[in-house]
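As a plain string of letters, each chain reads:
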Amino acid sequence: MKTTAQVVVIGGGVVGCSVLYHLTKKGWTDVLLIERDQLTSGSTWHAAGGFHTLNGDPNVAMLQSYTVGLYKELEEISGQSCGLHKSPGIMLADTPERMEFLKMTVARGRYLGMETSIISVAEAKEYFPFIEEKYFLGALLDPNEGHLDPSGTTHAYAKAARINGASIELSTRVTALEQTPDGTWIVRTDKGDVRAEHVVNCGGLWAREVGRMVGIELPVLAMEHMYLVTDDIPAVVEFNQRTGKEVGHLIDFGAESYLRQEGRGMVMGVYEKACVPWSPRETPWTFGQELLAPDLDRIAPSLEIAFRHFPALENAGIKRIINGPFTFAPDGNPLVGPVPGRTNFWSACGVMAGFSQGGGVGLALSNWMVDGDPGFDIWGMDVARYGDWATRSYTNAKVRENYARRFSIRFPNEELPAARPLQTTPLYDTFREQGAVMGDSWGMETPLWFAPQGERAEDIVSFRRSNDFPHVGAECRAVRDAVGVTEIANFAKYEITGPGAEAWLAQVMTNTMPRTGRLVLTPMLNHQGRIIGDFTIAKAAENRFMMWGSSQAQVYHMRWFDTVLPRDGSVRIEALGMRMIGLSIAGPRSRAVLERLTDDDVSNAAFRFMDYREMDIAGIRAKVNRISYTGDLGYEIWVAPEYQLRLYTAIMAAGEDQGIRNFGMRALLCLRLEKHFGTWYREFRPIYGPFEAGLERFVRLDKPDFIGRDAAARELAEGPKRRRVFMEVDATDADVLGDEPIWVDGKVVGWVTSGGFGHCVGQSLAQGYIPSELVRPGLALEIEILGERHAARLQDAPPFDPEGLRMRM
Ligand SMILES: Cc1cc2nc3c(=O)[nH]c(=O)nc-3n(C[C@H](O)[C@H](O)[C@H](O)COP(=O)(O)OP(=O)(O)OC[C@H]3O[C@@H](n4cnc5c(N)ncnc54)[C@H](O)[C@@H]3O)c2cc1C
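Residues numbered from 1 in each chain as written. Predicted model: local features only at pLDDT ≥ 70, side-chain atom pairs only at ≥ 80, totals over all residues. Heavy atoms only, no water.

**Comments concerning the overall build of the protein chain**
Put simply, the rule is: In this description a helix means any DSSP run of H or I spanning at least four residues, a strand means any run of E spanning at least two, and both kinds are numbered starting from the N terminus. Taken over C-alpha atoms, the radius of gyration is set against a globule rule of 2.2 Å times the number of residues to the power 0.38. Should any heavy atoms of two residues lie within 4.5 Å, those residues are considered in contact. Method for areas: the Shrake-Rupley scheme with a 1.4 Å probe, in which residue coverage is limited to the protein chains shown. When charges are counted, Lys and Arg contribute as positive and Asp and Glu as negative, whereas His and the chain ends are disregarded. For the purpose of locating charges, the reference atoms are NZ of Lys, CZ of Arg, CG of Asp and CD of Glu.
Broken down by element type, the protein chain carries 19 helices and 39 strands. In terms of overall size, the protein chain behaves like a compact globule, its C-alpha atoms giving a radius of gyration of 27 Å where 809 residues would be expected to give roughly 28 Å. At a minimum sequence separation of 6, the contacts of the protein chain that also span at least 24 residues come to 72%. Looking at the protein chain as shown, the accessible area adds up to about 29600 Å², and 49% of this sits on carbon and sulfur atoms. Across the protein chain, the mean location of the 85 positive side-chain charges is 2 Å away from that of the 103 negative side-chain charges.

**Overview of the pairing of strand β24 (residues 491–497)**
Put simply, the rule is: The buried label goes to any residue with under 20% of its type's maximum accessible area, the exposed label to any with over 50%, and the partly exposed label to all in between, with areas taken from a 1.4 Å probe on protein chains only. When DSSP finds two or more bridges between a pair of strands, those strands are recorded as paired.
When you tally the buried positions in β24, you get five out of seven residues, the bulk of the element. The sheet contact formed by β24 and strand β27 (residues 544–550) spans seven bridges and is antiparallel. Its bridge partner lying in β27, phenylalanine 491 is registered against serine 550. Examined bridge by bridge, β24 and strand β28 (residues 572–575) share four bridges and lie antiparallel to one another. Looking across to β28, one finds that isoleucine 496 is bridged to isoleucine 573.

**Structural notes on the sheet that holds strand β8 (residues 146–147)**
Spatially, β3-β8-β4 is the arrangement adopted by the three strands of the open sheet, whose pairing is antiparallel. In this open sheet, the two strands that pair with only one neighbour each are β3 (50–51) and β4 (85–86). Where β3 lies against β8, two bridges are found, and the strand directions are antiparallel. Pairing of glycine 50 across the sheet is with histidine 147, part of β8.

**Focus: the nonpolar core**
Keep this limit in mind: For our purposes a nonpolar core is just a set of buried Ala, Val, Leu, Ile, Met, Phe, Trp, Tyr and Cys residues, chained together by side-chain atoms within 4.5 Å.
Membership of the largest hydrophobic core comes to 44 residues, with the highest contact counts inside it found for Ile496, Trp504, Met509, Met547 and Phe561. Sorting the residues of this core by element identifies β24, α13 (501–508), β25 (519–525), β26 (531–541), β27 and α14 (554–564) as the ones contributing at least two each. When sequence neighbours within four positions are dropped, the list of residues in contact with methionine 547 reads Ala492, Lys493, Tyr494, Ile496, Leu505, Met509, Phe535, Thr536, Ile537, Phe561 and Ile573. Counting residues in hydrophobic clusters, the runner-up holds 43 residues, among them Val14, Tyr21, Phe51 and Ile168.

**Observations concerning the sheet that holds strand β34 (residues 722–729)**
Applicable threshold: The angle between two axes is taken between their N-to-C directions and runs from 0 to 180 degrees, where each axis is a line fitted to C-alpha atoms and a helix contributes only its stretch in contact.
Around the barrel, six strands lie side by side as β34-β37-β36-β35-β38-β39; this closed barrel has antiparallel pairing. On average, each strand axis in the sheet is tilted by 45° relative to the strand beside it, whichever way the strands run. As defined by bridge partners, strand β38 (residues 780–785) adjoins strand β39 (residues 788–794) across six bridges and the pair is classed as antiparallel. Bridging across to β39, alanine 780 finds its partner in arginine 793. Strand contacts of helix α17 (residues 665–674): β36 (747–758) and β37 (763–771), with the helix running at about 120° to β36, the strand carrying the most contacts.

**Re the pairing of strand β19 (residues 335–338)**
Here four bridges tie β19 to strand β20 (residues 345–349), and the two strands are oriented antiparallel to one another. Along β20, the bridge assignment pairs leucine 335 with cysteine 349. From the end of β19 to the start of β20, which pair antiparallel, there are six residues, and glycine 341 there has a positive phi angle of about 85°.

**Comments concerning the site of the ligand**
Heads up, the rule is: For this description, a residue counts as near a given molecule or strand if any of its non-hydrogen atoms is within 4 Å of it. Polar contact criterion, stated in full: a pair of N or O atoms within 3.5 Å, where within protein one must be able to donate a hydrogen and the other to accept it, and residues adjacent in sequence count only if both atoms are side-chain atoms. In this count, Pro and Cys sit with the nonpolar residues alongside Ala, Val, Leu, Ile, Met, Phe, Trp and Tyr, while Asp, Glu, Lys and Arg are called charged and the others, Gly among them, polar.
By nearness alone, 39 residues border the ligand, and Glu35, Arg36, Thr44, Gly50 and Val351 come closest of all. One of the backbone nitrogen or oxygen atoms of valine 14 is found 3.3 Å away from an oxygen atom of the ligand. Between the ligand and valine 15, the relevant distance is 3.1 Å, taken from an oxygen atom to a main-chain nitrogen or oxygen of the residue. Protein contacts shield 97% of the accessible area of the ligand, which totals 1000 Å² for the unbound molecule. Considering only residue class, the shell around the ligand consists of 19 nonpolar, 17 polar and three charged.

**Side note on the packing of aromatic side chains**
Let me state the cut-off plainly: Any two rings among Phe, Tyr and Trp, with Trp reduced to its six-membered ring, count as a pair given centres within 6.5 Å; such a pair is stacked if its planes are under 30 degrees apart, edge-to-face if over 60, and tilted if neither.
If you walk through the whole model with that rule in mind, you get 38 aromatic pairs. Pairing tryptophan 548 with tyrosine 612 gives two aromatic rings, centres 6.4 Å apart and planes at 50°, and the pair type is tilted. Remark: tyrosine 612 occurs in strand β30 (residues 612–617) and tryptophan 548 occurs in strand β27; sequence separation between them is 64 residues. Accessibility classification places tryptophan 548 together with tyrosine 612 in one group, the buried group. For the ring pair tyrosine 688 and tyrosine 769, a centre distance of 3.7 Å and an interplane angle of 5° mean the geometry is stacked. Here tyrosine 688 is found in the loop between α17 and α18 (709–718), whereas its partner tyrosine 769 is found in strand β37, with 81 residues between them in sequence. Each of the two residues, tyrosine 688 as well as tyrosine 769, counts as buried.

**Describing the side chain of threonine 67**
With respect to the helices and strands, threonine 67 occurs in helix α2 (residues 58–78). Judged by relative accessible area, which is 0%, threonine 67 ranks as buried. Within polar-contact distance, the side chain of threonine 67 engages the backbone oxygen of leucine 63 at 2.9 Å. Apart from the residues within four sequence positions on either side, threonine 67 is in contact with Tyr157, Phe355, Ser356, Gln357, Gly358, Gly359 and Gly360.

**Here we look at helix α7 (residues 234–243)**
Put simply, the rule is: It is the directions from the helix axis to the C-beta atoms that the arc portrays.
Inspection of α7 places Val236, Val237 and Phe239 among the buried residues, and these make up the whole buried set. Projection of α7 onto a plane perpendicular to its axis shows the buried side chains occupying an angular sector of 160°, all on one side. Of the exposed residues in α7, those oriented more than 90 degrees away from the buried face are Pro234, Gln241 and Arg242. Contacts made by the buried residues of α7 are with β15 (257–262) and β16 (265–270). Where α7 terminates, the next one or two residues include glycine 244, which has phi positive at roughly 75°.

**Describing the pattern of salt bridges**
Any two side chains of opposite charge can pair if their charged atoms end up close together. So the rule is basically this: Salt bridges are defined as contacts in which a side-chain nitrogen from Lys or Arg sits within 4 Å of a carboxyl oxygen from Asp or Glu.
For the coordinates displayed, the defined rule picks out 54 salt bridges. The salt bridge partner of arginine 212 is glutamate 209, with a shortest N-O separation of 3.5 Å. On the criterion of helical spacing, the pair formed by arginine 212 and glutamate 209 is a turn pair, its members being three residues apart in helix α6 (residues 207–212). With a relative accessible area of 9%, glutamate 209 lands in the buried category. The residue arginine 709 makes a salt bridge to aspartate 710 at a minimum N-O spacing of 3.8 Å. Among the charged side chains, a salt-bridge network with shared partners connects Glu209, Arg212, Glu217 and Arg392.

**Structural notes on unusual backbone geometry**
Between arginine 420 and the following residue, proline 421, the backbone shows a cis peptide bond with an omega angle of -10°. In this fold, proline 421 is placed in the loop between α10 (392–404) and α11 (428–433). A positive phi angle is found at alanine 618, which is not glycine, with a value near 50°. One can find alanine 618 in the loop between β30 and β31 (620–625). Accessibility expressed as a relative area gives 12% for alanine 618, which makes it buried. One non-glycine residue, aspartate 745, adopts positive backbone phi at about 50°. Residue aspartate 745 is classed as exposed on the basis of its relative accessible area, which comes to 74%.

Okay, structure coming up:
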């Protein structure tokens, strides 16, 4: 075995072999894969081998599309067959809601170039003849699905990697990982040590164990999964002979099942509600190429429905039942990228659909390792989307929920209950008593809206406007007409200190840093000039700054800051998490409320828009920003959690005669739409440049240097290829949600990033991106909402307070 390598990849499943292949393709050939047993010995060998391109996250769907397109190349390079069977895939809708879901899925696929379409049940039978039509309303057709040979495919990756110079060591177990002070990894194995610059965890079923070797607990859990292989079915043979085609792939949401042809019979797999985790604490090293005991009773309820839906299959004999484990992250997407807090330790774990996603994971990870950037927007798969709060029991609850809901619709206003409440603020019970409907924001409970007395504090799930609509509207109007209070604990907050703090922030952010007592808004770019963050920064004192960003991205951002912090200790950055939480008051009467809570002068002259102050509010030491995401006069008040209840009580008392009321996250998001404000993850993501995103005001190309400056200057010089645009939409009873296609002259030209109803301007609103050359006043657009195109018009100014006078009043 080699004793040194640039990269050691741990694990020879489909994912490890794909990572190995992609690293060699990028030119890194001093790479060694170490496999405990034989290639495929984890979950890979017993997979059903199905692949498809659809995914709820369009960016993950793109990587799935790449994977599916890769197999031909792999066969050519390796000379090894992947056993490809390309056959169309059908998803059947048995309820109106599922039909809407399919229409939305087709629409979302349009700007990705996906060829999916809606077809009738009768048409679906041309691909899958066994459907009992009366149970279904329609179907989605995806021509780019199929299945393959899991072992052949894994070996094809491995052979192609070897041809490119990679080494593979079988029957060798990595037993420990140690990092020397110079950063070199010592990879201890039962056959000796290997020194490596980088280590990649592709441990699949043992991903947790490999993670524990470096002191981390990855949020991954294996679930048992069963599929049946039937004996030959005469109707299958007859279909093959009559049409010259294989029976297509099929997903039946109602039966929680997937089906496809295998030989002259069928494969039927089930994601059952009564699902069972496997080895929840640790995976035994002795587990080899074994199967688990089948438990037909567990999947019987689903099979019963499936047999009703496809009666020709009911009497087929069962040749084999496969029950095998494979891993999931809490949201079902992989955990990819550099592991926060570790140097040159990479993750490619939790890949639950190795044959749809393995290629994309390998590509993104190898780009990241070689170029320093994944090359795509892989936020949905980034290992940094989870923090310490994603413990083993959280993961267990969420993975079971996700598995059981694999074929269930997630409505846009649907909050899932597992592992909740997890993180709460001191106001949680108070808000609940006041009718708050709570939402889960990456482990944190946040009020979404408040049900008035006599209303059920519960969402009726729907793709359309629902029961919250009038109440969110009333909350928005309360802010615009008087004053509202909302909790803003779910921001990330940072304190940056040290003699090098200002220079460092100026180097990392695109904007210039504020004077003491002032705030700035600033994007943050990567070296490629793409947006990786969007922050508010206050200069609190000499060598001390406060900063606010997206809470979902806190781990992601801290990982980035770690890589760009000076090593001489001149700058310290601390994520404050729940040690600082806040309330925001907003609306024209918010100053009147604040005045009653402090003896400081908070007049417009003394405490101006974009000012920052540390002051006493209701007797509590607070940090106050004169800024509001509502786009109105407003203040963000930040305190230690032990004071939050006192602060809230004081605000409510001071605002009583001003008409103060609670407003939730949904109202806040509607209000910001009326002001054309963007938001991290929707409008601002690593696929966009700052000029595309319309953030030019915050990008100071005239300052000496900052990360991404050259790329940003190039973007400006060449002209942004697309632009963030603002639209009013002739919506009826459903507003845009995000990811809908934008049509111009009968062609899809762009996509929606977010939207909703602007209650105070009486318009349905959307933001999105379209090619720059199309942007002109009066451009007629259409946006496809739930399968129907609605006229839309570009807005060149925010519909609420276009001059921004309210924020400055
Ligand atoms: C019943 C069933 C049906 C499935 N059907 C499909 C399907 O139709 N389509 C699809 O896309 N996916 C399917 N899957 C999922 C698919 O199997 C997984 O997505 C895929 O196998 C994940 O591959 P991996 O490389 O991440 O993990 P694994 O296959 O588990 O590979 C990890 C490898 O790492 C090795 N390893 C771990 N620790 C060490 C160590 N310390 N030292 C050395 N080596 C180590 C292991 O021996 C193992 O070979 C199915 C899974 C099951 C169980």
